Amino acid sequence: MINKIHQTICKDTGSRNESAKLIIVIRLLALIMIFYSIIHGAFSFMTKDSDGLLFSLLSLILFAVVLGTSYRWTTFTTFCCLNVLILAWIIITVINFGWNIGVQHFLLTLLVFCFYAKYGHEVIKILYACFLFAIRISLYFYSQHHAPLLEVNSGTSDAMQILNTAAIFITISVIMYIFSRDSQMLEGKLIEYNEQLMKQANTDTLTELSNRRSTTAYLEKLLRNPETPISICLCDIDLFKRVNDTYGHEMGDVVLKKVAEFFRTCLPSNCFISRWGGEEFLLIFPTQNGDEAGVHLSTLSKKMKAYTFRCEDKTFHISMTFGLVEYDYVSDLDTIIKEADDKLYYGKEHGRDQIVF
C-alpha cells in the first residue's frame, strides 16, 4: 500500500526537461493542504462553525483539483496554479479570519518553494520575493484597519494558530528536504572522495604506511616548535635484493608488508612510521630520546629476526639495520635525515643487523 502511494506521488508527467523533484513537491504540498483543509473542516464541524466548514470544503476541492491536474498538465503549469491557489487562499483566509491565526506565514512556504523550484531565474525569484513581501505588509495593514469578516473566538484562534504553524513547518521541511537531499548526499560523497584522495596521496599503497611526502610534511611541522625529545631512525631490510632474486618480487612484497606489521605492533602508538622508499623506512619517535627509542628498536629487531618466512618448501629470516639520531633542536630537516642516513650506511658497511646511535 505504502509502495503504491509512493509510486503514485512520484509518477512522471511524461513531459521532457522537467524536474522530477518539483512535481513530487507539488503533489506533497497539495496533499498537505488537503489534509489541512480536512482537519480545519473537522474542527469547524465540531465547533459548529458553518462558515469555516464551507471554506474548508471549498479549499479541499480546489487543492484536490490541483493534485489531479498534476498528472495531466505540465509541471510548470501545475506549479503556477498551486502558487496562485495558495496565495489566494492566504489572502482570503486573512480577510475572513484575521491576522492572529497566523495563516500569513504560509507566504514563507511560497518563498522557499519558489527559490528551490527552479535553477537560475534569479531576477524572477527576487521580484517574486518582493511581491510576497508586499502582499504580507499589505495584509498586515489591512488587518489593522479591518475586522475579520467571520467572527473567531480566542479558543478557535489559538487552535488555528497551532494548526497553521504545524502546517508551515511541515511544508517548508518537505520542500527543503527533497530539494537539498541530493546535494547533501553529493557533498558527502565529495568529502569522502577527497578524503580517499588525500589518503592515497599520503599513503604507500603496498604497506599502507605514510609515504615520503606526508612524512616530510609531518617532520617539518614537528621540528618547527619541538617541545619534547625527538628521535629519528632511518632503517632498511638487509640484503633485500637477495630476497627478491631468490624468492621473487611477490615474496618481496610479502616481506615489506610483514615488516610494516611488525612496526605497528612493536613500536609505541605515537611513533610515526613511513615507507621512505624501496625497502627503506623512516621512524619518528616524537616524545622519546635516543636511548628510549633504541630500546624499542632492539625489541623490534629481535622479534623480526625470530620470524620465519615461508615460500613453498623454503624458509628464510630477515634482519634490519637502523640509523638512529636524536634531534639537537638546531639542525634542519635535511641535516637530521642525512645524519640518520650516514649512520644507516655505517651500519651496512660494518656488518648489518645492528642499531647505530
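Only a predicted model underlies this, so the values are computations on that prediction, with no experimental measurement involved. (Residues numbered from 1 in each chain as written. Predicted model: local features only at pLDDT ≥ 70, side-chain atom pairs only at ≥ 80, totals over all residues. Heavy atoms only, no water.)

**Q** Describe the sheet that holds strand β1 (residues 231–237), with residues and values.
**A** Here we have five strands laid out as an open sheet, ordered β2-β3-β1-β6-β7, and mixed in their pairing. Strand pairing shows two members of the sheet lacking a second neighbour, β2 (272–277) and β7 (355–356), which therefore form its edges. For β2 and strand β3 (residues 280–285), the ladder comprises five bridges, and the chain directions are antiparallel. Its bridge partner lying in β3, Gly277 is registered against Glu280. (Pairing = 2+ DSSP bridges. Helix = DSSP H or I, 4+ residues; strand = E, 2+ residues; numbered from the N terminus.)

**Q** Outline the pattern of salt bridges, supporting the account with residue identities and numerical values.
**A** Enumeration according to the criterion identifies eight salt bridges in this entry. Notably, a salt bridge pairs Arg275 with Asp204, separated by 3.2 Å at the nearest N-O pair. A residue pair is termed long-range when its members are at least 10 positions apart, and Arg275 in strand β2 and Asp204 in the loop between α7 (154–202) and α8 (212–224) qualify at 71 residues. With a relative accessible area of 16%, Arg275 lands in the buried category. Residue Asp204 is classed as buried on the basis of its relative accessible area, which comes to 15%. Taking the shortest distance from any N to any O, the salt bridge between Glu261 and Lys258 comes out at 3.1 Å. (Salt bridge = Lys/Arg side-chain N within 4 Å of Asp/Glu carboxyl O. Buried < 20%, exposed > 50% of the residue type's maximum accessible area, 1.4 Å probe, protein only.)

Just geometry here; none of it tells us what the structure is for.
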